[in-house]
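What follows is each chain in one-letter form.
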Amino acid sequence: MDKRKEMYYPINEDAAKRAKEMNSFYDYAPGSATEEYRRCVDEAAALAEHQKTRVDPMYHEKIDRLLDTYARKLAANMNEGFAIDARVPSILITGGSNFPVRKKEKQNAARDRNMAEWRQVQGLLDKIRSTGMGGISADDSQAVAKLESKLASLESAQEKMKAVNAYYRKHKTLDGCPDISEDVLIKLKSGMESSWRTDEKPYPSWALSNNNAEIRRVKERLTSLARQKEIGYTGWDFDGGRVEANKEDNRLQIIFDDKPDEETRAALKSNGFRWAPSVGAWQRQLNDNAIYAAGRLDCIRPLTGESPSEVQKRVRLERQTDAIADEPVSGPEGPDETKQDGGMQMY
């Protein structure tokens with residue numbers, strides 16, 4: 001099967017034909033709406049493939065998800081547009097006598113809303129273009145490693161700026177400073193000579209302050225991600241497969257024993273799950289929203305009869321109970337770390 005066909009969503013050709021007949025004297029060319037839709041999706045796919053050549057492979061899955069969202073939302077927008085155009089005929093078709101003015105006003109308002117939605121759909125192309133080119137997303141499975149690397153770089157820069165300023169305070173010159181290269185030395189001297197500078201230090205106070213604020217922000221993000229990972233999401237079995245909470249990849253993954261039917265696949269897509277051939281699973285970012293979305297899918301309801309949210313609550317409570325049971329009992333002088341057995345201490 002052509003892989004491109006898997007990208008496409010259905011276009012309502014009957015609605016497109018009715019819309020054409022209600023607004024034009026020309027005959028509708030069968031399949032032309034679908035052809036136009038697929039042309040747009042093909043262009044988006046070419047854009048996505050080009051973006052993949054520009055960024056790290058870790059962003060490829062996100063680009064694929066954005067492309068699928070674009071294809072799905074564009075189909076929905078076009079189908080809705082056809083339905084709107086078919087509501088009221090053009091005055092050129094009906095003539096001016098008894099023309100439904102009020103209905104036409106409502107139709108035009110619906111067209112405006114549909115056009116606004118179309119602009120939002122086109123905005124997904126900009127997201128594809130920017131993926132992998134900006135900051136670190138929490139949806140990135142390598143987010144923690146990247147943030148730790150960024151934090152180390154920021155902290156190193158902070159120490160370097162402080163060392164350079166300290167050298168200048170002591171020597172009243174930057175010549176011979178071991179912490180900077182010749183190029184940096186020239187730039188710092190040029191900056192210090194600027195007429196707008198009121199701070200004689202090589203690195204002004206605001207530079208250290210801003211960098212320190214960024215250090216705090218990155219630390220807060222790391223703490224937040226660590227807290228999310230410690231929440232302890234858990235998977236479950238369902239009739240026909242299992243759900244796994246993959247903490248390493250930060251994904252809630254649905255693994256079916258057999259390929260799900262078209263209706264099930266559509267339900268998975270509408271709830272944010274995307275097929276990942278590399279792992280053989282339908283998945284989305286592992287968080288509370290993913291659990292709530294899973295709760296809307298009867299096809300993956302836990303065998304226990306609980307909802308996915310109830311499974312999370314039960315397992316977390318069980319873990320908390322086990323943790324409490326494993327805690328050492330403390331007496332008046334602290335935890336009892338020894339036991340007596342036949343007069344001998346057992347450590």
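All values derive from a computational prediction rather than experimental measurement. (Residues numbered from 1 in each chain as written. Predicted model: local features only at pLDDT ≥ 70, side-chain atom pairs only at ≥ 80, totals over all residues. Heavy atoms only, no water.)

Visitor: Help me understand the sheet that holds strand 5 (residues 281-285) in this model?
Guide: Read from one edge to the other, the open sheet built from five strands follows the order 1-2-3-5-4, with strand pairing classed as antiparallel. Edge strands, defined here as strands with exactly one partner in the open sheet, are strand 1 (236-238) and strand 4 (274-276). Sheet twist, expressed as the average angle between the axes of neighbouring strands with direction ignored, equals 30°. Pairing analysis gives three bridges linking strand 1 to strand 2 (residues 241-246), with the strands arranged antiparallel. From the neighbouring strand, F238 faces strand 2, where its bridge partner is G241. Lying on the sheet, helix 3 (residues 60-85) is in contact with strand 3 (251-256), strand 4 and strand 5; it crosses strand 4 at an angle near 140°. (Pairing = 2+ DSSP bridges. Helix = DSSP H or I, 4+ residues; strand = E, 2+ residues; numbered from the N terminus. Axes fitted to C-alpha atoms, helices over the stretch in contact; angles between N-to-C directions. Contact = heavy atoms within 4.5 Å.)

Visitor: Would you take a moment to explain the packing of helix 2 (residues 32-52) against helix 3 for this structure?
Guide: For any two helices packed against each other, one specifies the crossing angle of their axes together with the interaxial distance. At a minimum axis distance of 10 Å, the contact between helix 2 and helix 3 shows a crossing angle of 160°. In terms of their interaxial angle, helix 2 and helix 3 are classed as roughly antiparallel. Crossing of helix 2 against helix 3: the hand is right-handed. Where helix 2 abuts helix 3, its residues A33, Y37, C40, V41, A44, A45, A48, Q51 and K52 lie against H60, I63, D64, L67, Y70, A71, R72, L74, A75, M78 and F82. (Parallel < 35°, antiparallel > 145°, perpendicular 65-115°, else oblique. Left-handed = near helix turned anticlockwise from the far one by under 90°.)

Visitor: When you look at helix 9 (residues 262-270) in this model, what are you seeing that I'm missing?
Guide: Owing to its 3.6 residues per turn, the α-helix aligns residues three or four sequence positions apart on the same side. Of the positions making up helix 9, those classed as buried are T264, L268 and K269. Angularly, the buried residues of helix 9 cover 135° about the axis, an arc narrow enough to put them on a single face. Set apart from the buried face of helix 9 by more than 90 degrees, the exposed residues are E262, E263 and S270. Looking at the buried side of helix 9, the elements it contacts are helix 3, strand 3, strand 4 and strand 5. (Buried < 20%, exposed > 50% of the residue type's maximum accessible area, 1.4 Å probe, protein only. Arc of directions from axis to C-beta.)

Visitor: Can you help me understand helix 1 (residues 13-23) in this one?
Guide: Listing the buried residues of helix 1 in full gives A15, A16 and A19. In a view along the axis of helix 1, the buried residues occupy a sector of 100°, so they form one face of it. Structurally, helix 1 contributes buried residues whose contacts are with helix 2 and helix 3.

Visitor: Help me understand the pattern of salt bridges, please; the structure alone is not making it clear to me.
Guide: Think of it this way: side chains of opposite charge can pair up when their charged atoms draw near. Going through the model one piece at a time under the given rule, you end up with 19 salt bridges. Between R314 and E306 there is a salt bridge, and its shortest N-O distance comes to 2.9 Å. Overall, E306 belongs to the buried group, its relative accessible area being 16%. A cluster of three or more residues bridged by salt bridges with shared partners is formed by E36, R39 and E43. (Salt bridge = Lys/Arg side-chain N within 4 Å of Asp/Glu carboxyl O.)

Visitor: Would you take a moment to explain the packing of aromatic side chains for this structure?
Guide: Pairs of aromatic rings are described using the distance from one ring centre to the other and the angle between the two planes. By the definition in use, this model includes three aromatic pairs. Between Y8 and Y37 the ring centres are 6.3 Å apart and the planes differ by 65°, which places this aromatic pair in the edge-to-face class. With Y8 in the segment before helix 1 and Y37 in helix 2, the pair connects residues that are 29 residues apart, well separated along the chain. A single burial state applies to Y8 and to Y37, both of which are buried. Here the aromatic rings of W275 and W282 are separated by 5.8 Å at their centres, their planes lie at 50°, and the arrangement is tilted. (Phe/Tyr/Trp six-rings, centres within 6.5 Å; stacked < 30°, edge-to-face > 60°.)

Visitor: What is the right way to read the nonpolar core from this model?
Guide: One broad trend across soluble globular proteins is that nonpolar side chains are buried collectively. I11, Y37, V41, Y70, L74, F82 and I128 are the most contacted members of the largest nonpolar core, which totals 31 residues. Those elements giving two or more residues to this core turn out to be helix 1, helix 2, helix 3 and helix 5 (101-130). With nine residues, helix 3 is the largest single contributor of residues to this core. Those residues in contact with V41 that sit more than four places away from it in its chain are M7, Y8, L67, Y70, A71 and L74. Core analysis: the next-biggest nonpolar cluster, separate from the first, contains 18 residues, F238, F256, I291 and A293 among them. (Core = buried A, V, L, I, M, F, W, Y, C linked by side-chain atoms within 4.5 Å.)

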